[in-house]
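Coordinates in review
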Amino acid sequence: QVQLVESGGGLVQPGGSLKLSCAASRTMFNIYIMGWYRQAPGKQRELVATITSDGTTNYADSLKGRFTISRDDAKNTVYLQMNSLKPEDTAVYYCYAFGRVASSNPSAYWGQGTQVTVSS
């Protein structure tokens with residue numbers, strides 16, 4: 001019923017930029033938090049960034065200054081602008097949403113993930 005559709009992943013050179021998008025289905029009418037996590041091969045899934053309904057942002061300390069998260073509430077969409085990309089940024093990036101659908105309590109939802117590869 002609830003879908004998070006991700007797009008924008010791909011292959012970029014070190015120092016390049018990429019912008020990810022994630023659109024939540026309209027059945028999720030009250031989204032408190034949206035964000036991005038990532039998982040590299042052999043590594044644990046880790047926080048990239050989140051943004052709340054009032055615009056408060058949170059970033060992994062190592063990514064501050066390079067990544068920017070934003071949201072468009074009219075489209076139920078969250079974005080991640082990634083600049084100055086490094087090979088260690090290579091990972092599957094997962095969209096995350098915490099909110100509610102009709103007559104439900106708030107719950108967490110995940111997208112399928114989009115591959116980001118930073119390589120020469």
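Residues numbered from 1 in each chain as written. Predicted model: local features only at pLDDT ≥ 70, side-chain atom pairs only at ≥ 80, totals over all residues. Heavy atoms only, no water.

**A word on the pairing of strand β7 (residues 67-72)**
Where burial is concerned, the two faces of β7 differ: the one with Phe67, Ile69 and Arg71 is buried and the one with Thr68, Ser70 and Asp72 is not. In terms of strand pairing, β7 meets strand β8 (residues 77-82) through 6 bridges, oriented antiparallel. Note that in β8 the partner of serine 70 across the bridge is tyrosine 79. Hairpin connection between β7 and β8: a loop of 4 residues separates the two successive antiparallel strands, and asparagine 76 in this loop has a positive phi of roughly 50°. (Buried < 20%, exposed > 50% of the residue type's maximum accessible area, 1.4 Å probe, protein only. Helix = DSSP H or I, 4+ residues; strand = E, 2+ residues; numbered from the N terminus. Pairing = 2+ DSSP bridges.)

**Regarding the pattern of salt bridges**
Close approach of charged atoms allows side chains of opposite charge to pair. Using the criterion set out here, one finds 5 salt bridges in the structure. Here aspartate 89 makes a salt bridge to arginine 38, at a shortest N to O gap of 3.0 Å. Taken as a pair, aspartate 89 in the loop between β8 and β9 (91-100) and arginine 38 in strand β4 (residues 30-39) lie far apart in primary sequence, 51 residues in all. Overall, arginine 38 belongs to the buried group, its relative accessible area being 8%. Within the structure, one salt-bridge network assembled from shared partners comprises Arg38, Glu46, Arg66 and Asp89. (Salt bridge = Lys/Arg side-chain N within 4 Å of Asp/Glu carboxyl O.)

**Some thoughts on the environment of tyrosine 79**
For tyrosine 79, the location among the structural elements is in strand β8. Taking C-alpha positions, tyrosine 79 is 15 Å from isoleucine 31, a pair spaced 48 residues apart along the chain. With residues up to four places along the chain from it excluded, the contact list for tyrosine 79 reads Lys19, Leu20, Ser21, Trp36, Thr68, Ile69, Ser70 and Asp72. (Contact = heavy atoms within 4.5 Å.)

**Some details on the sheet that holds β7**
Strand order in the open sheet formed by 4 strands is β1-β3-β8-β7, with antiparallel pairing between adjacent strands. Lying at the two open borders of the sheet, with one neighbouring strand each, are β1 (4-7) and β7. When the angles between neighbouring strand axes are averaged without regard to direction, this sheet yields 15°. (Axes fitted to C-alpha atoms, helices over the stretch in contact; angles between N-to-C directions.)

**So, the state of the cysteines**
This model, assessed by the stated rule, comprises 1 disulfide. Between the sulfur of cysteine 22 and that of cysteine 95 lies a disulfide, 2.0 Å long from S to S. An S-S torsion of about -85° defines the bridge between cysteine 22 and cysteine 95 as left-handed. Of the two residues, cysteine 22 is situated in strand β3 (residues 18-24) and cysteine 95 in strand β9; the sequence distance between them amounts to 73 residues. Using a relative accessible area of 0% as the deciding quantity, one classes cysteine 95 as buried. (Disulfide = S-S within 2.5 Å.)

**Here's the deal with the packing of aromatic side chains**
A full pass over the atoms with the stated rule returns 4 aromatic pairs. Aromatic side chains tyrosine 37 and tryptophan 110 sit 5.1 Å apart centroid to centroid with 65° between the ring planes, which places their arrangement in the edge-to-face category. Remark: tryptophan 110 occurs in strand β10 (residues 107-110) and tyrosine 37 occurs in strand β4; sequence separation between them is 73 residues. With a relative accessible area of 37%, tryptophan 110 lands in the partly exposed category. Aromatic rings pair up to connect Tyr37, Tyr96 and Trp110 into one cluster. Above the face of the tyrosine 79 ring, lysine 19 is positioned so that its terminal group lies 4.9 Å from the ring centre. Over the face of the ring belonging to tyrosine 94 we find arginine 45, whose NZ or CZ atom lies 3.7 Å from the ring centre. (Phe/Tyr/Trp six-rings, centres within 6.5 Å; stacked < 30°, edge-to-face > 60°. Lys NZ or Arg CZ within 6 Å of the ring centre and 35° of its normal.)

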